[in-house]
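# Understanding the architecture of this molecule
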Amino acid sequence: METLTPKQIVAQLDNYIIGQTDAKKAVAIALYNRYRRMQVPKKLQQEITPKNLMMIGPTGVGKTEIARRLAKIVNAPFVKVEATKFTEVGYVGRDVESMVRDLVSMAVSMVEKEKFNDIRPEVRRDVDKKLVKLLAPGVKKEQKQNPNDFMSMLNNMQNGGQGLGNIFNNADTVDEDPDSNAEVTDDVRNQRLSVKEQLDKGLLEDEEVTIKVEESKKVGPMDDQMGQMGLDMSGMMDSLMPKKTITRTLPVKEARELLIQQESQKRVDHDEIYQKAIERTQNNGIIFIDEFDKIAAGDKKNSGEVSREGVQRDILPIVEGSRINTKYGPVDTDHILFIASGAFAESKPSDLIAELQGRFPIRVELNDLTEDDFIQILTKPDNALTKQYVALTKADGIHLTFTKESVEEIAKIAFELNNSNQNIGARRLSTVLEKILADILYEGPDMQMGDITITREYVHDQIGKIAADQDLSRYIL
């Protein structure tokens, strides 16, 4: 954050979003204000709350993309939710507090991934040692049944050991050393030296190896309901019941990643991860609430319908600042940045309750996309649609090229379709392109097409008649 000024943030957003300068400036300022807040005295920091935004504009003009890219630029926890999925307290539906819980879960994943990356070199070395032992196993010893085994388990349990877990797992643990019941002879040692050398050179990545891994957790309806109350049901069960293991045969490259993931989970301090994730959520979290206009009832009577105003009143305390219990710990929402979004075609922001309006002081209107905007969207961004299709068809050995005239024709058709039918913004470009390239995408894998150039004439032949026919375009495009 210290190196990204508002101008630099906007410059990065320009790589992905065409136009909408006012909206970009507004979110860049709101984001940089967080850095400014951290520079003021601690006592004053608590008084400075984020200036939440409301983005108003039709679908497909870049509202969601601006918020999503913004979070990626600064590596901030980010969740997108639809206001229409929430219901007033007392009705069946998602609790509004779940948006904060989802944000914390996202932050936990981010911090955990960072911690895993920090220890990955060390963990990989240990995992590779284990893989060498598995690829070149020792000579199995004869196992004799010892009548004292069961008594030793009971004694272990009395001393606080894991005897019961061994009974459940048949002494089959993930941490079991491959050499625990094997003898390592001189021949085995020599074989392992050879295997290690090949493994280091990457020559055994596709070789199959059998490993023991923890059985993946199954999330049931009860876990989700407990999560709504801020309780970690699966965590409680894990502490009571021993972990089950399963045997899997995988290529070395896949087995390594599974073992690294498993070993990393054991080596990190999860309490520290949860604490850092909560701090990151509280100071850097971004919640993007889409379809905000759908909970603005206005003058409409909602007979038999879940109260939209009730949903607004449930969202209000979270936006104002409250403490939400999550399975990772309590989270304060005072400094989370909320970005609301909606078309407001059938309602207006003033239809929202006054208290909620006041919590979104910054409002920016996003403009309808022009024909020139469509041309830039097709060619300028790093992830432009034409670049995506060029990359996709390259997998079939096709070298696809779009002429300047063909791009202009695609933009013109998409713009006219938005004007004559419902305006769905830049999403119309995907519809038009899929129709134009349908034959190439279908025939490509079975034919050696080589170089293909998309010209204005080709675009017109593929889609011109459909676009010109109002009835056809309404249903097809």
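Residues numbered from 1 in each chain as written. Predicted model: local features only at pLDDT ≥ 70, side-chain atom pairs only at ≥ 80, totals over all residues. Heavy atoms only, no water.

### What to know about the overall build of the protein chain
Note the threshold: Helix and strand labels come from DSSP, where a helix needs a run of H or I of at least four residues and a strand needs a run of E of at least two; each type is numbered from the N terminus. Summary of the burial criterion: residues with accessible area below 20% of their type's maximum are buried, those above 50% are exposed, and those between are partly exposed, where the area comes from a 1.4 Å probe applied to protein chains only. Working rule for contacts: check all heavy atoms of both residues, and any pair within 4.5 Å makes them a contact. Surface accessibility in these figures is a Shrake-Rupley result with a 1.4 Å probe; residues are shielded only by whichever protein chains are displayed.
The helix and strand tally for the protein chain stands at 21 helices and 13 strands. Within the span of the protein chain, comprising 477 residues, buried residues form 39% of the whole. In the protein chain, once contacts between residues fewer than 6 apart in sequence are set aside, the share between residues at least 24 apart is 79%. By element, 49% of the accessible surface of the protein chain is carried by carbon and sulfur atoms, the whole surface being about 27000 Å².

### Topic: the nonpolar core
Our working definition: For the purposes of this section, nonpolar cores are sets of buried Ala, Val, Leu, Ile, Met, Phe, Trp, Tyr and Cys residues that join through side-chain atoms within 4.5 Å.
Core analysis: the largest hydrophobic core is formed by 55 residues, its most contacted members being Ile286, Ile339, Ile410 and Leu437. If near-sequence neighbours (up to four positions away) are discounted, Leu437 is found in contact with Tyr389, Leu400, Phe402 and Ile454. Among the nonpolar cores identified, the runner-up in size contains 40 residues, and Ile56, Val108, Ile315 and Phe338 belong to it.

### A few points about the pattern of salt bridges
Close approach of charged atoms allows side chains of opposite charge to pair. For clarity, the cut-off: Criterion for a salt bridge: a side-chain nitrogen of Lys or Arg within 4 Å of a carboxyl oxygen of Asp or Glu.
Under the counting rule described, the total for this entry stands at 29 salt bridges. Among the salt bridges present, the one from Lys85 reaches Glu82, with a minimum N-O distance of 3.7 Å.

### Considerations on the packing of aromatic side chains
Our working rule: When two rings of Phe, Tyr or Trp (its six-membered ring) have centres within 6.5 Å they constitute a pair, described as stacked for plane angles under 30 degrees, edge-to-face for angles over 60, and tilted for the intermediate range. Only lysine NZ and arginine CZ atoms are considered, and such an atom sits over a ring when it is within 6 Å of the ring centre and within 35 degrees of the ring normal.
For the structure shown, the criterion picks out 3 aromatic pairs. Considering the side-chain rings of Tyr32 and Tyr35, the 5.3 Å spacing of their centres and the 50 degrees angle between planes classify their relative orientation as tilted. Linking Tyr32 with Tyr35, this pair stays in helix H2 (residues 21-39), spanning 3 residues, or about one helical turn. Ring plane angle 50 degrees and centroid distance 4.9 Å describe the contact between Tyr274 and Tyr328, whose orientation is recorded as tilted. Here Tyr274, found in helix H12 (residues 270-284), pairs with Tyr328, found in the loop between strand S8 (323-326) and strand S9 (329-332); they are 54 residues apart in sequence, far enough to count as distant. Residue classification places Tyr274 among the partly exposed residues on the basis of a relative accessible area of 26%. Between Arg69 and the ring centre of Tyr16, over which it is positioned, the NZ or CZ distance is 3.9 Å.

### Details of the pairing of strand S7 (residues 286-290)
Quick note on the threshold: In this description, strands pair whenever DSSP reports at least two bridges between them.
Judged by how many residues are buried, S7 sits mostly within the fold: 5 of 5 residues are covered. Side chains Ile286, Phe288 and Asp290 of S7 all project onto a buried face; the interleaved residues Ile287 and Ile289 project onto the opposite face, where all are buried too. Judged from the 5 bridges that link them, strand S2 (residues 78-82) and S7 form a sheet pairing that is parallel. Bridge pairing in S7 places Val81 opposite Ile289. Two elements, S7 and strand S10 (residues 337-342), share 4 bridges in a ladder whose sense is parallel. Directly across from Ile289, in S10, lies its bridge partner Ala340.

### With respect to the sheet that holds strand S1 (residues 53-56)
Here is the rule: A fitted line through C-alpha atoms serves as each axis, taken over the contacting stretch for helices, and the angle formed by two N-to-C directions is quoted from 0 to 180°.
If you trace the 5 strands from one edge of the open sheet to the other, you get S2-S7-S10-S1-S11, paired in parallel fashion. Each edge of the sheet is formed by a strand with only one pairing partner; in this case those strands are S2 and strand S11 (362-365). Across this sheet, the average inter-strand angle for adjacent strands is 20 degrees, counted without regard to direction. Two strands pair when backbone bridges link them, and S1 and S11 are joined in this way by 4 bridges, in the parallel orientation. Across the sheet, residue Met55 finds its bridge partner in S11, namely Val364. Helix H5 (residues 98-135) contacts S2, S7 and S10 of the sheet and is inclined by roughly 150 degrees relative to S2.

### Describing the confidence of the model for the protein chain
The condition is simple: Per-residue confidence from the predictor is reported as pLDDT, which spans 0 to 100.
Per-residue confidence for the protein chain gives a mean pLDDT of 81, with 80% of residues at or over 70. S9 holds the highest mean pLDDT among the elements of the protein chain, 94, whereas helix H7 (residues 163-169) holds the lowest, 42.

### Some words on the side chain of Glu409
Along the chain, Glu409 turns up in helix H17 (residues 404-420). Not counting residues up to four positions away in its chain, the partners in contact with Glu409 are Arg456, Val459 and His460.

### Side note on the side chain of Thr333
Rules: Here a polar contact means two N or O atoms within 3.5 Å. Within protein one must be a hydrogen donor candidate and the other an acceptor candidate, and residues neighboring in sequence count only if both atoms are side-chain atoms.
Looking at where Thr333 falls in the secondary structure, it is placed in the loop between S9 and S10. At 2.9 Å, the side chain of Thr333 and the backbone nitrogen of Ser322 are in polar contact. Setting aside chain neighbours within four positions, we find Thr333 in contact with Val100, Pro317, Ile318, Gly321, Ser322, Ile324 and Phe338.

### Thoughts on the environment of Glu263
Residue placement: Glu263 occurs in helix H11 (residues 252-267). Of the residues examined, Glu263 reaches a relative accessible area of 21% and is grouped as partly exposed. C-alpha separation for the pair Glu263 and Arg124, spaced 139 residues apart in sequence, amounts to 9.2 Å. Here Arg267 takes part through its side chain, which lies 3.0 Å from a polar atom of the side chain of Glu263.

### Quick notes on unusual backbone geometry
Phi is positive for Gln20, which is not a glycine, with a value near 55 degrees. At Phe344, a position not held by glycine, the phi torsion is positive, near 50 degrees. With respect to the helices and strands, Phe344 occurs in the loop between S10 and helix H14 (354-358). By relative accessible area, Phe344 is classed as buried at 8%.

### Description of helix H20 (residues 456-468)
Applicable threshold: Expected helix span is computed as 1.5 Å times (number of residues minus one). The reported bend at a residue is simply the angle between two axes, fitted to the 7 residues ending at it and to the 7 residues beginning with it.
Under the 1.5 Å per step criterion, the end-to-end length of H20 is only 15 Å for 13 residues, more than 12% shorter than the ideal 18 Å. Gln462 marks where H20 bends most, by close to 50 degrees.

### Things to note about the packing of H17 against helix H18 (residues 427-436)
Filter applied, for reference: If an angle is under 35 degrees, it is roughly parallel; if it is over 145, roughly antiparallel; if it lies from 65 to 115, roughly perpendicular; otherwise it is oblique. Working rule for handedness: look at the near helix, and if it is turned counterclockwise from the far one by less than a right angle, call the crossing left-handed; if clockwise, right-handed. Gly is put with the polar residues, along with every residue not named as nonpolar or charged; the nonpolar set is Ala, Val, Leu, Ile, Met, Phe, Trp, Tyr, Cys and Pro, and the charged set is Asp, Glu, Lys and Arg.
Relative orientation of the contacting elements H17 and H18 amounts to 125 degrees, with a least axis distance of 9 Å. The angle between the axes of H17 and H18 places the two elements in the oblique class. In this structure, H17 meets H18 at a crossing whose hand is right-handed. Residues Ile410, Ile413, Ala414, Leu417 and Asn418 of H17 lie in contact with H18, whose contacting residues are Arg428, Leu429, Val432, Leu433 and Ile436. Residue classes in the contact of H17 with H18 are distributed as 8 nonpolar, 1 polar and 1 charged.

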